[in-house]
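Residue strings, one per chain:
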Amino acid sequence: MDFSKVNWDEVGTASIETLQILAASGLFTVLLGLPLGVILFMTGRSASARSRVTYIVLSVIVNILRSVPFIILIVALIPVSRALVGTATGVLGVIPPLVISAAPYFARLVENTLREVDRGVIEAAQAMGASTGQIVRRVLLPEALPGLLAGITITIVTLVSYTAMAGMVGGGGLGTLAINYGYYRYQNEIMIISVISMIILVQLLQMLGDRLVIYFTRK
């Protein structure tokens, strides 16, 4: 293998595109998945019939989206991507399917994390007359913060692998670079560089996430 023939400018561009995809999709995943997870938790523990119906409906939708393989979902959502961002390829085109796939996954992580919060703390807040919104903002989310940060880390690391699969349909980033050059043109050097770059990226993200979890656990 001859790494001297590698176009490092393309590798750099693909790396930046991957970071852009992760930043945008990760942000929207958290913005959508966090409230969805809170709603799942609150309706799941409620005794009212309306809340139970809401929980069942949302739970079914979340389970359906989580069960569809991402490579199939991204193809099925091509019309949705074009309607939302005007394209189904490149950095912008891959963000909608990434968010739609990852948000339900993150929502389940949020729901499970909130279930681990001490019920006594919640009941104490209720006894003091706190509203539902106050309980969520001042009790649930602060108490569950380390677990939520761990869930965000897991979700973003999962998004890294999703961006690689998005390369099969021209999603941009290191995945597309690996497919176009490493697979179709048999340039194994590009494939190796892409894989190593993703491994390093995952390690850095995991280390950052772990440090944040440790920091907020000790506070």
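Residues numbered from 1 in each chain as written. Predicted model: local features only at pLDDT ≥ 70, side-chain atom pairs only at ≥ 80, totals over all residues. Heavy atoms only, no water.

### Digging into the side chain of Thr-153
Alright, step 1. Tracing the chain through its elements places Thr-153 in helix H7 (residues 132–166).
Alright, step 2. Among residues more than four places away in sequence, those in contact with Thr-153 are Leu-205, Gln-206 and Gly-209. (Helix = DSSP H or I, 4+ residues; strand = E, 2+ residues; numbered from the N terminus. Contact = heavy atoms within 4.5 Å.)

### Here's the deal with helix H5 (residues 90–115)
Alright, step 1. Counted at 1.5 Å a residue, the expected span for H5 with its 26 residues is 38 Å, and the 38 Å between its end C-alpha atoms agrees.
Alright, step 2. Largest kink in H5: about 25°, centred on Ala-102, with the proline Pro-104 one to four residues after it. (Expected span 1.5 Å × (residues − 1). Bend = angle between axes of the 7 residues up to and from the residue.)

### Thoughts on the packing of aromatic side chains
Alright, step 1. Applying the stated rule across the entire model yields two aromatic pairs.
Alright, step 2. When the centroid spacing of 4.7 Å and the interplanar angle of 5° are considered together, the rings of Phe-70 and Tyr-162 count as stacked. Placement of the pair is Phe-70 in helix H3 (residues 70–76) and Tyr-162 in helix H7, with a sequence separation of 92 residues.
Alright, step 3. Judged by centre distance (5.1 Å) and plane angle (85°), the rings of Tyr-215 and Phe-216 are edge-to-face. (Phe/Tyr/Trp six-rings, centres within 6.5 Å; stacked < 30°, edge-to-face > 60°.)

### Some details on the confidence of the model for the protein chain
Alright, step 1. Summary statistics for the protein chain give a mean pLDDT of 87 and a share of 97% for residues scoring 70 or more.
Alright, step 2. Across the protein chain, the element-wise mean pLDDT spans from 80 in helix H8 (residues 173–183) up to 92 in H5. (pLDDT = per-residue confidence, 0-100.)

### Observations concerning the environment of Ile-190
Alright, step 1. Tracing the backbone shows Ile-190 in helix H9 (residues 188–218).
Alright, step 2. Not counting chain neighbours up to four residues away, the residues in contact with Ile-190 comprise Val-6, Val-11, Leu-177, Tyr-181 and Gly-182.

### Remarks on the packing of H8 against H9
Alright, step 1. Two numbers describe how H8 lies on H9: the axes approach to 7 Å, and their chain directions differ by 160°. One finds that H8 runs roughly antiparallel with respect to H9. The hand of the H8/H9 crossing is left-handed. Along the contact surface, H8 presents Leu-174, Gly-175, Leu-177, Ala-178, Tyr-181, Gly-182 and Tyr-183, while H9 presents Asn-188, Ile-190, Met-191, Ser-194, Ser-197 and Met-198.
Alright, step 2. Across the contact of H8 with H9, the residue classes break down as eight nonpolar, five polar and no charged. (Axes fitted to C-alpha atoms, helices over the stretch in contact; angles between N-to-C directions. Parallel < 35°, antiparallel > 145°, perpendicular 65-115°, else oblique. Left-handed = near helix turned anticlockwise from the far one by under 90°. Nonpolar A, V, L, I, M, F, W, Y, C, P; charged D, E, K, R; others polar.)

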